[in-house]
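Chain by chain, the residues run as shown.
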Amino acid sequence: MMVQMSQRKPLFAANWKMHKTSAEATSFVRELLSGPMPDSSDYLIAASFTLLSGLRQVIGESPILLAAQNMFFEEQGAFTGEISPLQLKDIGVTHVIIGHSERRHIFGESDELLNKKLLACQNYGLIPVFCLGETSEERESGKAAETIKNQLSLGINGLNAATVENMIVAYEPVWAIGTGKTASPEQVEEMHHLLRQALPDTTRLLYGGSVKPDNSEILLTLPSVDGFLVGGAALDPATFRQIFQ
Ligand code: PEP
């Protein structure tokens, strides 16, 4: 049965990347919560590991969901500098970004590694925000569609149906992240359509890549867009609010 876009609740996710001290994180949340947060949408903040415990307290019972920006797939062991799914669960984190383009391209995370991380999310009941997207070279050589289809199929390989139904997928063309170049509505629709064909109707599909208040409105009218993953423009609570309002 086809699910209409309206049946997938919109999600607005802030990816703070390697920004903010604890005091800055607290003041962002307080300011955001001082205005309306309509329950017709979901809201998520993905923050650095050092901020997560403190944010859990400040967020409390509010509608904001809390995500880590990465994790390792093992529960514990000699993996200096890594964070495990068990450690994230322990402090009340519910979501994790997996496969952000900065992890893929700066830190060399492969599709195989990301698949292990997604399987670990499944095993520990963490909801992944799985990111994928093509580079400008892949787009220019006509390989954008093939790239994202491969990233999706290799990433979700072996996941059970319930995990895929509940996970969040973010299409983020690498050339649009942090560059000020947003994908056109036609490009977003084309790529989302490909992803949608390979996903259950319930899986939310976000767009990410230089989303700002002045381009969010048109992108949100696209039937294939269930919300956004926002980097730079989500560092300021007023700007983030403009995007979801
Ligand atoms: C991101 O970090 O996922 C992102 C889309 O960043 P920006 O909005 O700054 O392009």
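One can find the structure itself at the top, above this paragraph.
Source: prediction; values computed, not measured.

From N to C terminus, the chain includes eleven helices and eight strands. For a compact globule of 245 residues, the expected C-alpha radius of gyration is about 18 Å, and the chain comes in at 17 Å, within 12% of that figure. In terms of overall dimensions, the chain has a C-alpha envelope of 45 × 45 × 35 Å along the principal axes. Out of the 245 residues belonging to the chain, those deemed buried represent 50%. Taking contacts inside the chain between residues at least 6 apart in sequence as the whole, the part at least 24 apart equals 71%.

A word on the pattern of salt bridges. Using the criterion set out here, one finds nine salt bridges in the structure. Of the charged contacts, one joins Asp42 and Lys9 as a salt bridge, the two residues approaching to 3.2 Å between their closest N and O atoms. Of the two residues, Asp42 is situated in strand S2 (residues 42–47) and Lys9 in the segment before strand S1 (11–15); the sequence distance between them amounts to 33 residues. The exposure class of Lys9 is partly exposed, given its relative accessible area of 33%. Across the pair Glu109 and Lys117 runs a salt bridge, and its minimum N-O distance is 3.1 Å. Connected via shared salt-bridge partners are Arg8, Arg196 and Asp226.

With that settled, the discussion passes to the site of the ligand. The full set close to the ligand counts 14 residues, and Lys17, Glu172, Gly178, Ser210 and Gly231 are the nearest of them. In this structure, an oxygen atom belonging to the ligand sits 2.8 Å away from a side-chain N or O atom of Glu172. Here an oxygen atom of the ligand sits 2.8 Å away from a polar atom, N or O, in the main chain of Ser210. Summarising the interface, the protein chains cover 97% of the accessible area of the ligand, which totals 290 Å² for the free molecule.

With that out of the way, let us pick up the state of the cysteines. Taken as a whole and assessed by the stated rule, the structure comprises zero disulfides. Cys121 takes part in no disulfide bond, and the closest cysteine sulfur to it belongs to Cys131, at a distance of 12 Å. Under the relative-accessibility criterion, Cys121 is labelled buried at 0%.

Before going further, it helps to spend a moment on the sheet that holds strand S5 (residues 127–132). Ordered by their spatial adjacency, eight strands build a closed barrel running S1-S2-S3-S4-S5-S6-S7-S8, and the pairing between neighbours is parallel. Within this sheet the neighbouring strands show an average axis-to-axis angle of 25 degrees, counted without direction. By the bridge criterion, four bridges tie S5 to strand S6 (residues 168–171) in an arrangement that is parallel. Looking at the pairing, Leu132 lines up with Tyr171 of S6. Against the sheet, helix H7 (residues 144–156) contacts S5 and S6, and its axis sits at roughly 155 degrees relative to S5. Across the sheet, helix H10 (residues 213–220) is in contact with S1, strand S7 (204–208) and strand S8 (227–230); its angle to S8 comes to roughly 150 degrees.

Looking only at H10, the buried set comprises Asn215, Ser216 and Leu219. The buried residues of H10 occupy one face: seen down the axis, they fall within an arc of 115 degrees. Set apart from the buried face of H10 by more than 90 degrees, the exposed residues are Asp214 and Glu217.

Before going further, it helps to spend a moment on the packing of aromatic side chains. In total, this model carries nine aromatic pairs according to the counting rule given. For the ring pair Phe12 and Phe244, a centre distance of 6.1 Å and an interplane angle of 45 degrees mean the geometry is tilted. Taken together, the positions of Phe12 in strand S1 and Phe244 in helix H11 (residues 237–244) put the pair 232 residues apart, joining distant regions of the chain. By relative accessible area, Phe244 is classed as buried at 10%. Sitting over the ring of Trp16, Lys20 keeps its end group 5.2 Å from the ring centre. If you follow Arg103 out to its NZ or CZ, it ends over the ring of Phe107, 4.1 Å from the centre.

The subject of this paragraph is helix H5 (residues 111–124). For an α-helix, 3.6 residues make a turn, and residues three or four places apart therefore share a direction. Over its 14 residues, H5 runs 20 Å from end to end, which matches the ideal 20 Å to within 8%, given 1.5 Å per residue. Summarising the contacts, the buried residues of H5 are in contact with helix H3 (85–90), strand S4 (95–98), helix H4 (101–105), S5 and H7. Gly125, located one to two residues past H5, shows a positive phi value of around 70 degrees.

Conventions we followed
- Residues numbered from 1 in each chain as written.
- Predicted model: local features only at pLDDT ≥ 70, side-chain atom pairs only at ≥ 80, totals over all residues.
- Heavy atoms only, no water.
- Helix = DSSP H or I, 4+ residues; strand = E, 2+ residues; numbered from the N terminus.
- Rg over C-alpha atoms; globule rule 2.2 N^0.38 Å.
- Buried < 20%, exposed > 50% of the residue type's maximum accessible area, 1.4 Å probe, protein only.
- Contact = heavy atoms within 4.5 Å.
- Salt bridge = Lys/Arg side-chain N within 4 Å of Asp/Glu carboxyl O.
- Near = heavy atom within 4 Å.
- Polar contact = N/O pair within 3.5 Å; in protein donor to acceptor, adjacent residues only side chain to side chain.
- Areas by Shrake-Rupley, 256 points an atom, 1.4 Å probe, with all protein chains shown as cover.
- Disulfide = S-S within 2.5 Å.
- Pairing = 2+ DSSP bridges.
- Axes fitted to C-alpha atoms, helices over the stretch in contact; angles between N-to-C directions.
- Arc of directions from axis to C-beta.
- Phe/Tyr/Trp six-rings, centres within 6.5 Å; stacked < 30°, edge-to-face > 60°.
- Lys NZ or Arg CZ within 6 Å of the ring centre and 35° of its normal.
- Expected span 1.5 Å × (residues − 1).

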